[in-house]
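Residue-level structure breakdown
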Amino acid sequence: MALVNAGVVVLDCAEPERLAEFYKGLLGAEESDVSANRIEIEGPRGFRMAFRRDVNATPPSWPRPENSLQVHLDFVVADLDEAERVIVGLGGRPVEAKDPAGAHEERGFSDPAGHSFTLRHALAPTAPKQG
């Protein structure tokens, strides 16, 4: 028997309302629990995230080394170009302008609060972190 029944990825941020809207749009999710300092969302396949208010939150600086990567999320998509248009429309931004060589493409982004994430095709191998 598992000790933990379910998990939730929680991101600390100064504006949980703004970040929840971004990820609701990205994941097609709905709010499942809301309080003054925390918003939880759940996607159509049960993926859950929460955004906790921290007025002193410092955005990660990745790929710069100071205050670097604090958390990293990977999302699998069918169409990288379409997903990128949606992300930018929701307030996210690309953090890597180059396309990796090879048949399996990935792209790096940050959400409106600066948390990094990667979009990749299903079955794309993940490369080891450089630097």
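The rules we used
Residues numbered from 1 in each chain as written. Predicted model: local features only at pLDDT ≥ 70, side-chain atom pairs only at ≥ 80, totals over all residues. Heavy atoms only, no water. Pairing = 2+ DSSP bridges. Helix = DSSP H or I, 4+ residues; strand = E, 2+ residues; numbered from the N terminus. Axes fitted to C-alpha atoms, helices over the stretch in contact; angles between N-to-C directions. Contact = heavy atoms within 4.5 Å.

Looking up the protein chain in an unreviewed UniProt entry gives the name VOC family protein, with the organism given as Streptomyces coelicoflavus.

**Structural notes on the sheet that holds strand β1 (residues 9–13)**
Here four strands make up an open sheet; going across it, the order is β1-β4-β3-β2 and the pairing mixed. Here the strands that pair on one side only, and so sit at the sheet edges, are β1 and β2 (30–35). Between one strand axis and the next, the sheet turns by 20 degrees as a mean value, whatever way the strands run. Relative to strand β3 (residues 38–42), β2 runs antiparallel, the two sharing five bridges. For V34, the partnering residue across the bridge sits in β3 and is I39. Across the sheet, helix α1 (residues 16–27) touches β1, β2, β3 and β4 (48–53), and the angle it forms with β4 is around 165 degrees.

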